Amino acid sequence: MRCPYFHKALEESSAECPSCKLTLSRAPALLGPVPRFAPGLDEALRVLEKRDVKKLGERIDEMQRRFPQVKMHIIVRDFPSNHPFDLFLFWIFNHAGLSEESHKGGENRDILLVIDPSQTRCGLIVGYGLEPFLRDETLDHLLELAEPAFRDQRWLDGFITIIDGLDQLLESAAIDLAEAMGVPTQQSITPVDGEY
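So, a few notes on the structure that sits alongside this text.

The rules we used
Residues numbered from 1 in each chain as written. Predicted model: local features only at pLDDT ≥ 70, side-chain atom pairs only at ≥ 80, totals over all residues. Heavy atoms only, no water. Axes fitted to C-alpha atoms, helices over the stretch in contact; angles between N-to-C directions. Helix = DSSP H or I, 4+ residues; strand = E, 2+ residues; numbered from the N terminus. Parallel < 35°, antiparallel > 145°, perpendicular 65-115°, else oblique. Contact = heavy atoms within 4.5 Å. Nonpolar A, V, L, I, M, F, W, Y, C, P; charged D, E, K, R; others polar. Buried < 20%, exposed > 50% of the residue type's maximum accessible area, 1.4 Å probe, protein only. Pairing = 2+ DSSP bridges. Core = buried A, V, L, I, M, F, W, Y, C linked by side-chain atoms within 4.5 Å. Phe/Tyr/Trp six-rings, centres within 6.5 Å; stacked < 30°, edge-to-face > 60°.

### Let's talk about the packing of helix H2 (residues 50-66) against helix H5 (residues 155-180)
Move 1: Closest axis-to-axis distance for the H2/H5 pair is 11 Å, and the angle between their directions is 5 degrees. As the angle between them shows, H2 and H5 are arranged roughly parallel. Seen from H2, the contacting residues are Asp52, Lys55, Leu56, Arg59, Ile60, Met63 and Arg66; seen from H5, they are Leu156, Phe159, Ile160, Ile163, Asp164, Leu166, Asp167, Leu170 and Glu171.
Move 2: Among the residues forming the contact of H2 with H5, the class breakdown is nine nonpolar, no polar and seven charged.

### Considerations on the environment of Leu134
Move 1: Along the polypeptide, Leu134 turns up in the loop between strand E4 (121-126) and helix H4 (136-151).
Move 2: You can call Leu134 buried: its relative accessible area is 1%.
Move 3: When the C-alpha positions of Leu134 and Ala173 are compared, they lie 8.5 Å apart, and in sequence the two are 39 residues distant.
Move 4: In this view, Leu134 contacts Ile111, Val126, Leu139, Leu166, Leu169 and Leu170; residues no more than four positions away in its chain are not counted.

### Brief notes about helix H3 (residues 85-95)
Move 1: Burial within H3 is extensive, with eight of its 11 residues counted as buried.
Move 2: Here H3 has its buried residues at Phe85, Leu87, Phe88, Leu89, Phe90, Trp91, Ile92 and Phe93.
Move 3: Trailing H3 by a residue or two, Gly97 shows a phi angle of about 70 degrees, which is positive.

### A short note on the environment of Leu177
Move 1: Within the element layout of this structure, Leu177 appears in helix H5.
Move 2: Between the C-alpha atom of Leu177 and that of Phe133, which follows or precedes it by 44 residues, the distance is 9.6 Å.

### Overview of unusual backbone geometry
Move 1: Even without being glycine, Arg46 reaches a positive phi, approximately 55 degrees.
Move 2: Exposure remark for Arg46: the relative accessible area of 65% places this residue in the exposed category.
Move 3: Residue Thr120 is not a glycine yet carries a positive backbone phi of 45 degrees.
Move 4: Counting through the fold element by element, Thr120 comes out in the loop between strand E3 (110-116) and E4.

### Some remarks on the sheet that holds strand E1 (residues 41-43)
Move 1: Reading across from one edge, E1-E2-E3-E4 is the order of the four strands in this open sheet, with mixed pairing throughout. Taken across any chain shown, the strands that pair with only one partner, and hence form the sheet edges, are E1 and E4. Averaged over neighbouring strand pairs, the angle between their axes works out to 10 degrees when direction is ignored.
Move 2: Relative to E3, strand E2 (residues 71-76) runs parallel, the two being bridged by six bridges.

### Focus: the nonpolar core
Burial of nonpolar side chains together is a common tendency in soluble globular proteins.
Move 1: Among the nonpolar cores identified, the biggest contains 28 residues, and Met72, Ile74, Ile111, Leu113, Phe159 and Leu166 are the most heavily contacted of them.
Move 2: Put simply, the parts of the chain that give this core at least two residues each are H2, E2, E3, E4, H4 and H5.
Move 3: Top contributing element to this core by residue count: H5, with seven residues.
Move 4: In this view, Phe159 contacts Leu48, Leu56, Ile74, Val76, Leu113, Ile115 and Phe150; residues no more than four positions away in its chain are not counted.
Move 5: Ile75, Trp91, Ile92 and Phe93 belong to the second-largest nonpolar core, a separate cluster that totals 17 residues.

### Quick look at the packing of aromatic side chains
Pairs of aromatic rings are described using the distance from one ring centre to the other and the angle between the two planes.
Move 1: For the coordinates displayed, the defined rule picks out five aromatic pairs.
Move 2: Considering the side-chain rings of Phe79 and Phe88, the 5.3 Å spacing of their centres and the 40 degrees angle between planes classify their relative orientation as tilted. Both residues of the pair, Phe79 and Phe88, belong to the buried class.
Move 3: A connected cluster of aromatic rings, assembled from ring pairs, spans Phe79, Phe85, Phe88 and Trp91.

Written out as structure tokens, the structure is:
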């Protein structure tokens, strides 16, 4: 995780940002109580048609079936402009209760995408369990890829672009990890007398 103000990496065990002294308990003091958000898709602004909500839900389910330890959350809301958008991401991710209670620290493999359409802002944040595999630069790149769709208000296209990118990154990370542990990831089939 990185500090929402100074964008410096914070360790899982960091009590506060060494630069600005921000802590988990200070974020609600700055921003107030966290609104209620639904896990999964919380699309309060209704930017998606019903059929698009269904398509997006199916795509999220597909990714979560492939990677059952990962949970994807998407929130579409307007946020005040008096604080950095990354602070809102940090605040929601850590205080909105989207993650299961048992998923703390390195066990947290949740992904949160937040879109603020009125101010054309978006951000991605991942739990500590995914940070070694989904670097900030990579997440920023996925947001850049989706930006043209979001700018044109093609919300579903932007969401699918990000989820497809996450899916590929998670698959690549799973293969790399398996190979590093000596688990074969490719099966070589050798024909014997014309039979497999």
